[in-house]
Every structure is written in structure tokens, then in C-alpha cells.
Amino acid sequence: MISSVDMMKVERESHLAIRRDGLSDICSGLMLGCMALFFLDFKYAGALIVGCSMQTIILPTCRRMITYPRVGYVKFRGRANMRNLIVLDIVMPLAVIGLIVCVGIWMRQLLPICTGVLLAGLALPGARTTGYVLDYVLVGLFLVSGVAGQLMIWLGYAPGTATAFQFWALAAVLIPAGLAELIGFFHEHPSPAQETDDDQN
């Protein structure tokens, strides 16, 4: 009989295996890079839609094509129902973007630090779920980026400009880190077809 402790360990390892594909970091970096255009100039409002699609469309699609065929997909009771998946893949990214836009409208002078704290707060539960060291590093990075963006405002930069550079700096870290993770993931988990060819040889 499997105890609740064993199930928690299995669930944690399953989430960690999926998390280490690097795709969430790549898509997060692309999302922030797109959102930076909006804060640089509000006429680029379409960049918000493109950025949101990175988390709501591109990430789930890439996971289905790349990650799940290699590591499998397990539905844990009470977590993987359709309502929870909609919340995680669609509602949550939209809510994050909405909160950041609201902060940009009503608290412009505190925009970088507020977005840094918000991003860190969103990343922390994932770090605690997987125990992945990189996630804890990202939590710290988000907080530091908020402080750095706030310093730019104090040095005379416009809040939108400071936030744009904050997001671009985060994207410049997240995307290469995600690509490095993805390469390692490919080496650790070759495609099923490749494994079959290797076994036959």
C-alpha cells in the first residue's frame, strides 16, 4: 500500500521532471520580453496578447509535443482536472498580466518593485513544490530586478522605461537558462523513437 508520504514524493518528482525541460523559463522570458514593449510605449498593446500566448498556448503545446512523450504525464487526484488546468494555463497568466497593467496605471512610480515582488510571489510556490534550486534563484532574481528598476526611476528614468529594461534583463537571463535546461533535458530524455533506434542498434 502506498502511503501519502510516498505519493507526495512521486508527485514532487513528477513535477520536477517536467519543470526541468526549460520550456517554462523560455516562455516566461519571451512573455516578459513582449510585455516590455507595452511598458515602453502603450501603443504596443498587442504585445500583451502575444506575451500572454506564450504561457496560455505556446507552453502547453510545446509540453505536449516535447516533454510528455519523453517523461510521461501523470494525473494526480484533485489537481489535474480540467478546471485546475484552465486556471493554471489560462486564468493565472491573464491575472498576472492584468495585475501588472493595473499597477502600471495606478502605481507607476512603484511599478518595478511591485512587479518584482509579484513575479517572486508567483515563482515561490512552484519552487516549494519542486524543490528546484533554479526556481529559488529566480525568486531572488525577480526581487533584485525590482530593486534595480526602482533605482532607475530614482535616477530619472520614466517608470515605463525602467520596467521595460527590467523585463528585458529578466528575459536575457531566463531564455538562455531555459535553452541550457532544454538541451540537458534532450540529452537526459531522448525521444521514444530515438530510444527504439538505439535499442535496435
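Just so it is clear, the model here is predicted, and its values are computed rather than measured.

Trainee: Just checking my understanding: could you explain the packing of aromatic side chains for this structure?
Mentor: Aromatic ring pairs are defined here through the distance separating the ring centres and the angle between the ring planes. A complete count under the given rule lists three aromatic pairs for this structure. Ring centres 5.7 Å apart and planes at 85° place the aromatic pair F39 and F167 in the edge-to-face group. Of this pair, F39 sits in helix α2 (residues 23-40) while F167 is found in helix α7 (residues 159-188), placing the two residues 128 residues apart along the sequence. For the pair F39 and F167, a shared accessibility class is recorded, and that class is buried.

Trainee: Can you walk me through the side chain of E181 in this structure?
Mentor: Checked against the element boundaries, E181 lands in helix α7. Accessibility expressed as a relative area gives 11% for E181, which makes it buried.

Trainee: Quick question: what am I supposed to make of the pattern of salt bridges here?
Mentor: A complete count under the given rule lists five salt bridges for this structure. Note that R19 and D25 form a salt bridge whose closest N and O atoms lie 3.0 Å from each other. Residue R19 shares its accessibility class with D25, and that shared class is buried. Residue E188 is joined to R20 by a salt bridge in which the shortest nitrogen-to-oxygen separation is 3.8 Å. Of the two residues, E188 is situated in helix α7 and R20 in the loop between α1 (4-19) and α2; the sequence distance between them amounts to 168 residues. The class of E188 is partly exposed, set by a relative accessible area of 49%.

Trainee: Looking at this structure, how should I read the side chain of T67?
Mentor: Of note, T67 is situated in helix α3 (residues 46-71). When sequence neighbours within four positions are dropped, the list of residues in contact with T67 reads I18, D21, L23, C62, G72 and F185.

Trainee: Help me understand the nonpolar core in this model?
Mentor: Burial of nonpolar side chains together is a common tendency in soluble globular proteins. The biggest cluster of nonpolar side chains holds 24 residues, and the ones touching the most others in it are L32, M35, F39, L119, F142, F167 and L170. Where this core is concerned, the elements lending two or more residues are α2, α3, α5 (111-130), α6 (133-154) and α7.

Trainee: It is not clear to me how α6 should be interpreted in this structure. Could you clarify?
Mentor: An α-helix turns once per 3.6 residues; consequently, residues spaced three or four apart project the same way. Between its first and last C-alpha atoms α6 spans 32 Å; for 22 residues at 1.5 Å apiece the expected length is 32 Å, and the two agree. For α6, the full list of buried residues reads D135, L138, V139, F142, S145, G146, G149, Q150 and I153. What you see down the axis of α6 is that its buried residues fit within an arc of 130°, all on one side. Facing away from the buried surface of α6 by more than 90 degrees, the exposed residues are V133, V144 and W154. Two residues or fewer after α6 comes G156, characterised by a positive phi angle close to 110°.

Trainee: Looking at this structure, I do not really get the packing of α5 against α7. What am I missing?
Mentor: Any two packed helices are characterised by the angle at which their axes cross and by the distance between the axes. Direction vectors running N to C along α5 and α7 enclose 35°, while the axes themselves pass 9 Å from each other. From α5, L111, P112, T115, G116 and L119 reach across to α7, where they touch P159, A162, T163, Q166, F167 and L170. Residue composition of the contact of α5 with α7, grouped by class: seven nonpolar, four polar and no charged.

Trainee: Mind showing me how you'd approach the packing of α2 against α7 here?
Mentor: Viewed as axis vectors pointing N to C, α2 and α7 meet at an angle of 160°, and their least axial separation amounts to 7 Å. Here α7 runs roughly antiparallel to α2, going by the angle between their axes. Considering only the axes of α2 and α7, their crossing is left-handed. By residue class, the composition of the contact of α2 with α7 is 18 nonpolar, seven polar and two charged.

Trainee: Would you explain the confidence of the model for the chain in this entry?
Mentor: Atom-level detail of predicted coordinates should not be read off regions where pLDDT is low. Taken as a whole, the chain shows an average pLDDT of 80; of its residues, 73% reach a score of 70 or greater. When mean pLDDT is compared element by element in the chain, α7 scores highest at 95, while helix α8 (residues 192-200) scores lowest at 54. Of the regions scoring below 50 in pLDDT, residues 78-87 engages in twelve contacts with residues more than four places distant in sequence or in other chains.

Trainee: Just to check I follow, could you spell out the environment of R128 for this structure?
Mentor: Residue position: R128 is located in helix α5. Overall, the relative accessible area of 62% leaves R128 in the exposed class. As for R128 and R12, which are separated by 116 residues in sequence, their C-alpha atoms are 9.6 Å apart. Not counting residues up to four positions away in its chain, the partners in contact with R128 are R12 and Y136.

What counts and how
Throughout, residues of each chain are indexed from 1 in the direction in which the sequence is written. Only residues with pLDDT of at least 70 are given local features in this predicted model, and only at 80 or more are side-chain atom pairs given and counted; all residues enter the totals for whole chains, interfaces and linings. With hydrogens and water excluded, all non-hydrogen atoms of the structure serve as input to the side-chain values. The pairing test for Phe, Tyr and Trp rings, Trp by its six-membered ring, is centres within 6.5 Å, and the orientation test on the planes gives stacked under 30 degrees, edge-to-face over 60, and tilted for anything in between. Helix and strand definitions here come from DSSP, where helices need a minimum of 4 consecutive H or I residues and strands a minimum of 2 consecutive E residues; each element is numbered from the N-terminal end. For each residue, the accessible area found with a 1.4 Å probe, counting protein chains only, is set against the maximum for its type, and the residue is called buried under 20%, exposed over 50%, and partly exposed in between. By definition here, a salt bridge exists when the distance from a side-chain nitrogen of Lys or Arg to a carboxyl oxygen of Asp or Glu is within 4 Å. Two residues form a contact once any of their heavy atoms are found within 4.5 Å. Residues belong to one nonpolar core when they are buried, are Ala, Val, Leu, Ile, Met, Phe, Trp, Tyr or Cys, and are joined through side-chain atoms within 4.5 Å. A helix is expected to reach a length of 1.5 Å times the quantity of its residues less one. The arc refers to the directions leading from the helix axis to the C-beta atoms. Where helices are involved, their axes are fitted lines through C-alpha atoms of the stretch in contact, as for all axes, and angles between N-to-C directions lie from 0 to 180°. Here the nonpolar group is Ala, Val, Leu, Ile, Met, Phe, Trp, Tyr, Cys and Pro; Asp, Glu, Lys and Arg are the charged ones; every other residue, Gly included, is treated as polar. Our angle categories are set so that under 35 degrees counts as roughly parallel, over 145 as roughly antiparallel, 65 to 115 as roughly perpendicular, and the remainder as oblique. It is the rotation of the near helix from the far one that decides the hand of a crossing: anticlockwise by less than a right angle makes it left-handed, clockwise makes it right-handed. Think of pLDDT as the predictor's per-residue confidence, scored from 0 to 100.

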